[in-house]
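If you want the building blocks of each chain, they are given just below.
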Amino acid sequence: MTASQPYRLRLPGPTAVPERVRQAIARPVLSHRGPEFTAILRRSEEMLQPVLGTRNRVFFFSSSGTGMMEAALVNVLGPGERVLISTHGQFGERFVAIAGALGVRVDTLDIPWGLAPTAPQVEERIQNADYRAVVVVHNESSTGVVADLAAIGAALRGRDALLVVDSVSGLGGVEMRQDEWSVDIVASSSQKALMCPPGVGVISMSDKAWETVNRGDRLSRFYWDFRKARAAVEKSETPFTTPVSLITGLHEALQMIHEEGLPRVLARHQRHSRALRAGCAALGLTSYPKAEKVSSTVVCLDVPEKLNGKDIVRRLKERYGTVIAGSRNKLDGRVIRIGTMGCVSAGDILMDLAHLEATLAELGWAVMPGAGLAAAAAILQEESYAR
Ligand SMILES: *Cc1c(COP(=O)(O)O)cnc(C)c1O
């Protein structure tokens, strides 16, 4: 890539990092145990708590999201114990693969892709077996579906099973109320709606989860041991050398979120995703999810029969420098996915649609010129006037 070629990172993660955050990351590296950095760590925790909707302590790890998925399981499960995992998309299936590697007993709640698990489905399953944990992906990035955690959390309240949630692609873009919804563990990471480069993993856990995590008979754990993280956080530290520069960037990103105001940030994600979906529908690309709650951080689109998603993705990149995602699972070629998470403007949405329309036309899928832009603009304007 040369400087003159555009590069628009429009994936459902990693996402474009705002200039302010990049500047913060470029500052001189600090001692990970010195007062300058521990203040940043403490403040980052305080600013992340309202985003998580929790008063729990927040732990930071050097990791991508998958490390946090594994970390949640090794801290909660004991050898041979049972876990119920909802498989309503690729990331649910990744949890099954991780749990399978750990020597625990895995049951799956099989949900057709495009739908979300419901509380009655979870309830029915937990009545019939003794599960240590129920695992649910909050925002399934492979399908663009959001699970109703409030209802699932209510179904598990007062029971032994812990609710373990992956909100890697949700947190900061989709509402999360960990305490109110009785979510025991939230796992997330920096490179999606939190507007940072990949590399920082985030965990917060309830007191109920801590009772289990603190037992001596869990799976083998060392680097991921939440007991160590909890002891360190009392001193505003992390057990091992933390990615200080990335956390300094996260601190800046969280400051930006709070300057804009969390409710406005969440409303902006909804507005942009809605506008993009409407624009794409006008181009003949319909929204893939069939669930009641559709993601506001990722737009997942059906590709018309006559076309292949891979061609759209390739051409958008090669001709327009717009980098979107296809699919790396059974939907390969059949869906395309565009991120609406993090640092995204109304202009980005319109540019996506202009590039998409031109690309589709080049691939022989003719649409009325400007149809996508008009449909999106109607939503973007309508809501900005309403503010
Ligand atoms: C991106 C993502 C992850 C984490 O993937 P990594 O590549 O390990 O960061 C996990 N779950 C969901 C739902 C995701 O979207």
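It should be noted that the structure appears before, not after, this text.
Counting restarts for each chain, with residues numbered from 1 along the sequence as it is written. This being a predicted model, a pLDDT of at least 70 is required before a residue's local features are given, and a value of 80 or more before pairs of side-chain atoms are given or counted; all residues contribute to the totals for chains, interfaces and linings. Water and hydrogen atoms were dropped before computing side-chain values, which therefore reflect all heavy atoms in the structure.

Tell me about the pattern of salt bridges, and please be specific about residues and values.
Each reported salt bridge corresponds to a side-chain nitrogen of Lys or Arg within 4 Å of a carboxyl oxygen of Asp or Glu. As enumerated under the stated definition, the model contains 27 salt bridges in all. One salt bridge connects Glu-81 with Arg-218, and the closest N-O pair in it is separated by 2.8 Å. Highlighted residues: Glu-81 in the loop between α3 (65–76) and β3 (82–87) and Arg-218 in the loop between α7 (207–213) and α8 (226–233), separated in sequence by 137 residues. Judged by its relative accessible area of 7%, Arg-218 is buried. Two residues, Arg-314 and Asp-311, come together in a salt bridge whose shortest N-O distance is 3.3 Å. Residue Arg-314 and its partner Asp-311 are both found in helix α11 (residues 309–320); the two are separated by 3 residues, about one turn of the helix. Residues participating in the shared-partner salt-bridge network are Glu-81, Arg-132, Arg-215, Asp-217 and Arg-218. Think of it this way: any DSSP run of H or I at least four residues long counts as a helix, any run of E at least two long counts as a strand, and we number them from the N terminus. Only protein chains enter the area calculation, which uses a 1.4 Å probe; residues under 20% of their type maximum are buried, those over 50% are exposed, and those in between are partly exposed.

Which residues make up the packing of aromatic side chains, and what are the values?
Centres within 6.5 Å are what make two rings of Phe, Tyr or Trp a pair, Trp counting through its six-membered ring; a difference in plane orientation under 30 degrees is then read as stacked, over 60 as edge-to-face, and the rest as tilted. Applying the stated criterion to the full structure yields 5 aromatic pairs. A centroid spacing of 5.8 Å and a plane angle of 75° characterise the contact between Phe-61 and Trp-224, whose relative ring orientation is edge-to-face. Of the two residues, Phe-61 sits in strand β2 (residues 58–62) while Trp-224 sits in the loop between α7 and α8, which places them 163 residues apart along the sequence. The pair formed by Phe-61 and Trp-224 is uniform in burial state, with each residue classed as buried. For the ring pair Phe-61 and Phe-226, a centre distance of 5.8 Å and an interplane angle of 45° mean the geometry is tilted. On the criterion of sequence distance, the pair formed by Phe-61 in strand β2 and Phe-226 in helix α8 is long-range, its members being 165 residues apart. These aromatic residues form a ring-pair network of at least three members: Phe-61, Phe-222, Tyr-223, Trp-224, Phe-226 and Phe-240. Look at NZ for Lys and CZ for Arg. If either is within 6 Å of the ring centre and within 35 degrees of the ring normal, a charge sits over the ring. Its guanidinium or amino end placed over the ring of Tyr-288, Lys-290 lies 3.9 Å from that ring's centre, counting from NZ or CZ.

How would you summarise the site of the ligand if you had to cite specific residues and measurements?
Residues are counted as near a molecule or strand when any one of their heavy atoms sits within 4 Å of it. In the neighbourhood of the ligand, 14 residues make up the surrounding shell, with Ser-64, Thr-66, Ser-141, Asp-166 and Lys-192 lying closest. Side-chain atoms alone can form a polar contact between residues adjacent in sequence; in general such a contact is a pair of N or O atoms within 3.5 Å, and within protein one must be able to donate a hydrogen while the other accepts it. Between the ligand and Ser-141, the relevant distance is 2.4 Å, taken from an oxygen atom to a side-chain nitrogen or oxygen of the residue. Measuring from an oxygen atom of the ligand, one finds a side-chain N or O atom of Lys-192 at 2.8 Å. When the free accessible area of the ligand is taken as 380 Å², the share hidden by the protein chains comes to 87%. Of all the secondary-structure elements, those providing two or more residues to the shell around the ligand are α3 and α4 (90–102). Take the shell around the ligand: its biggest share by element is 3 residues, from α3. Surface accessibility in these figures is a Shrake-Rupley result with a 1.4 Å probe; residues are shielded only by whichever protein chains are displayed.

Provide a residue-level description of the nonpolar core, including the pertinent values.
Think of a nonpolar core as a cluster: buried Ala, Val, Leu, Ile, Met, Phe, Trp, Tyr and Cys residues, connected wherever their side-chain atoms sit within 4.5 Å. Of all hydrophobic cores here, the largest spans 51 residues; its most connected members are Leu-48, Phe-60, Val-134, Leu-149, Leu-156, Leu-254 and Ile-257. At 8 residues, helix α9 (residues 244–260) tops the list of elements feeding residues into this core. Start and end positions for the domains come from either an automated domain assignment or a database one. Split by domain, this core shows at least three residues from each of two domains, domain 1 (8–15 + 261–386) and domain 2 (20–258). Those residues in contact with Leu-149 that lie beyond four places of it in its chain are Val-136, His-138, Val-165, Met-176, Trp-181 and Val-183. Core analysis: the next-biggest nonpolar cluster, separate from the first, contains 34 residues, Ala-72, Val-74, Phe-91 and Val-213 among them. Contact between two residues is taken to exist if any of their heavy atoms lie within 4.5 Å; hydrogens are not considered.

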